[in-house]
Amino acid sequence: MSLQCGIVGLPNVGKSTLFNCLSNAKAQSANFPFCTIEPNVGVITVPDDRLTRLVEMCQPKSVVPATVEIVDIAGLVKGASKGEGLGNKFLANIRETDAIIHVLRCFDDDNITHVDGSVDPVRDKEIIDYELQLKDLETVESRLAKTIKAAQTGGDKTARLQADVLQRYKEALDKGLPARSVKFETADEQKFARELFLLTAKPVLYVCNVDDASAVNGNKYVDAVREAIKDEDAQLLIVAAATESDIAELDTWEERQEFLQEIGLEESGVARLIRAAYNLLDLQTFFTAGSDEVRAWTFMRGSKAPRCAGIIHTDFEKGFIRAEVIKYDDYVNLGGETAVKEAGKMGIEGKEYVVQDGDIMHFRFNV
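**Concerning the overall build of the protein**
- The number of helices and strands found in the protein is 14 helices and 12 strands.
- Within the span of the protein, comprising 367 residues, buried residues form 47% of the whole.
- Considering only residue pairs separated by 6 or more positions, the protein has 70% of its internal contacts joining residues 24 or more positions apart.
- Per element, the accessible surface of the protein, about 18200 Å² overall, is 47% carbon and sulfur.

Following this line, the structure appears as C-alpha cells:
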C-alpha cells in the first residue's frame, strides 16, 4: 500500500536527522538550509509485538512485517506559496503525500542556526500553516468563481454542492483555520472535498524535537505547542532526534534498551513515531500465519473482507467466498489455529464483514 507521510518543517529543525533514524537511507544532514533538495523516501518497518509473538509460535520459514513510507521534504521558508526558496518544489512534494509529520524545533542550541534567529516553535508552526493555507485559498478561490457561475446559470445541482463545499473551505481558510477543520456530512460532499487535494486537509502529527533532558516530559516549548494546537484535529509527539540518532548507532537490542532505561523511556521515540505515522494514515494490520510464512498485511481502517482479500491477490477479491477469522488474543491464548477450531472460536464471515485490527485471516475463493 503506497500511502506516504511527508516530514516537513522549517530548515534546521531536525527533519533529516529524524528521517535518518527512521530509515536506512541516509539523507544529508547539515547546518544550512535546503540540504535536502530531492525528497528522500524511506520504507520503514512498523514495530508490532503481535507479529513477534506469532513468529515465536509458528516458527515460519519467512516473515514479512507491515511497512509505511516516510518522505523527507526540503525545508520551507516564508513566501513558499509565492515560490520563495524551494517553495514550489516543497508544495508539489507535500501535495503528493497522504499525511504530514510536522517537525518543530523545541530545543536550545547555539551551535545550530535557526533560520529566523530564535527558537519559537509556535511561530514556526504558524509560518508553515500560513503558507499552506495561502496555497489552499488560491486553489479554492480559483475553483469557486467558476463553480458559482455554473450553479447560478445552469441550475446544476452538482455545481451547487461543489460551491457550498468550496465556500465553507474559503470561510475557514480566511479565518486562518486548516481545511481539515471543516467537516462534511454527505458522501458526495466528502468525495468532492477529497478531490481538491488541499494541503491543509491532510491529517497532521506535530513532532516536538527536544533535547535529551526533555525527552520524557517535554519542556516549555512543547507546552506552548500543545496549547497552540488544542483546538486542531491533530496529534503531538515528543522525540529527541539527536538522542534517537545515538540509539540508532548501538549494535544490539539489549544495548538500545539499556540506553532507553537510563533516560527514562520504555521504547524509542522512533518506534512511537512509526506507529503514529501508520495510524495517521488510518492504516491497520491483519495477519496470515503458518509454518511457511507469517505476514502482516496493511489495510485501510473500515475495509470489508473482500477488499482485504484483494490486498493479497486480486483473484481473492474477485472470487471471494468467505473469510475464516481468528482473533489474535484467541490465537495466542489457545495456542494456535487447531486449538482455536477445536474451541469453536473461528469465525466464518461473509462479504459484509469489516476486518478488525489484529485479525488472523484465511480467505476462501473461487475464480
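**Points about unusual backbone geometry**
- Of note, the phi angle at Gln59 is positive, near 45°, even though the residue is not glycine.
- Mapped onto the elements, Gln59 comes out in the loop between helix 2 (49-58) and strand 3 (62-64).
- Among the residues examined, Gln59 registers a relative accessible area of 60% and is labelled exposed.
- Its identity as a non-glycine residue notwithstanding, Asp282 has a phi of 65°, on the positive side.

**Looking at the environment of Leu237**
- Turning to its location among the elements, Leu237 is positioned in strand 7 (residues 235-239).
- It is 9.6 Å that separates the C-alpha atoms of Leu237 and Val103, two residues lying 134 residues apart in sequence.
- With residues near it in sequence (within four places) discarded, Leu237 still touches Leu205, Tyr206, Val207, Cys208, Gly269, Arg272 and Leu273.

**Examining the sheet that holds strand 7**
- Pairing in this open sheet of 6 strands is mixed, and the strands run 2-4-1-5-6-7 from one edge to the other. At either end of the open sheet lies a strand with only one pairing partner, and these are strand 2 (40-45) and strand 7. Averaged over all pairs of adjacent strands, the angle between strand axes in this sheet comes to 25°, irrespective of strand direction.
- Where strand 1 (residues 4-8) lies against strand 4 (residues 67-72), 4 bridges are found, and the strand directions are parallel. Within strand 4, the residue paired with Ile7 across the bridge is Asp72.
- Across the sheet, helix 7 (residues 220-228) touches strand 5 (99-105), strand 6 (204-209) and strand 7, and the angle it forms with strand 7 is around 170°.

**Regarding the pattern of salt bridges**
- If you walk through the whole model with that rule in mind, you get 20 salt bridges.
- With a closest N to O distance of 3.7 Å, Arg322 and Glu324 form a salt bridge.
- Using a relative accessible area of 31% as the deciding quantity, one classes Arg322 as partly exposed.
- When the shortest N-O distance is used, the salt bridge between Glu337 and Lys341 registers 3.2 Å. Of this pair, Glu337 and Lys341 both sit in helix 14 (residues 337-342), separated by 4 residues, roughly a single helical turn.
- For Glu337, a relative accessible area of 31% gives the class partly exposed.
- In the salt-bridge network here, residues are joined through shared partners; they are Lys125, Asp129, Arg180 and Glu232.

**Thoughts on empty space enclosed by the protein**
- Counted according to the given criterion, the structure contains 1 cavity of 30 Å³ or more.
- Taken as a whole, the largest cavity spans an internal volume of roughly 90 Å³.
- Around the largest cavity, the lining comprises 14 residues; the ones closest to its centre are Asp129, Leu132, Arg180, Val204 and Tyr206.
- Contributing elements (two or more residues each) for the lining of the largest cavity: strand 5, helix 4 (121-154) and strand 6.
- Examining the composition of the lining of the largest cavity, we find that 4 residues originate from one element, helix 4, more than from any other.
- Its residues placed into classes, the lining of the largest cavity shows 8 nonpolar, 3 polar and 3 charged.

**Concerning helix 10 (residues 269-280)**
- The terminal C-alpha atoms of helix 10, which comprises 12 residues, lie 16 Å apart, in line with the 16 Å expected from a rise of 1.5 Å per residue.
- Across the 12 residues that make up helix 10, a large majority, 9, are buried.
- Listed as buried for helix 10 are Gly269, Val270, Ala271, Leu273, Ile274, Ala276, Ala277, Tyr278 and Leu280.
- Positive phi shows up at Asp282, right after helix 10, with a value of about 65°.

Calculation rules
- Residues numbered from 1 in each chain as written.
- Predicted model: local features only at pLDDT ≥ 70, side-chain atom pairs only at ≥ 80, totals over all residues.
- Heavy atoms only, no water.
- Helix = DSSP H or I, 4+ residues; strand = E, 2+ residues; numbered from the N terminus.
- Buried < 20%, exposed > 50% of the residue type's maximum accessible area, 1.4 Å probe, protein only.
- Contact = heavy atoms within 4.5 Å.
- Areas by Shrake-Rupley, 256 points an atom, 1.4 Å probe, with all protein chains shown as cover.
- Pairing = 2+ DSSP bridges.
- Axes fitted to C-alpha atoms, helices over the stretch in contact; angles between N-to-C directions.
- Salt bridge = Lys/Arg side-chain N within 4 Å of Asp/Glu carboxyl O.
- 1 Å grid on protein atoms, 1.4 Å probe; cavity = no way out; pocket = protein on both sides within 12 Å on 5 of 7 lines; lining within 4 Å.
- Points joined across faces, edges and corners; volume = space filled by probe spheres on them.
- Nonpolar A, V, L, I, M, F, W, Y, C, P; charged D, E, K, R; others polar.
- Expected span 1.5 Å × (residues − 1).

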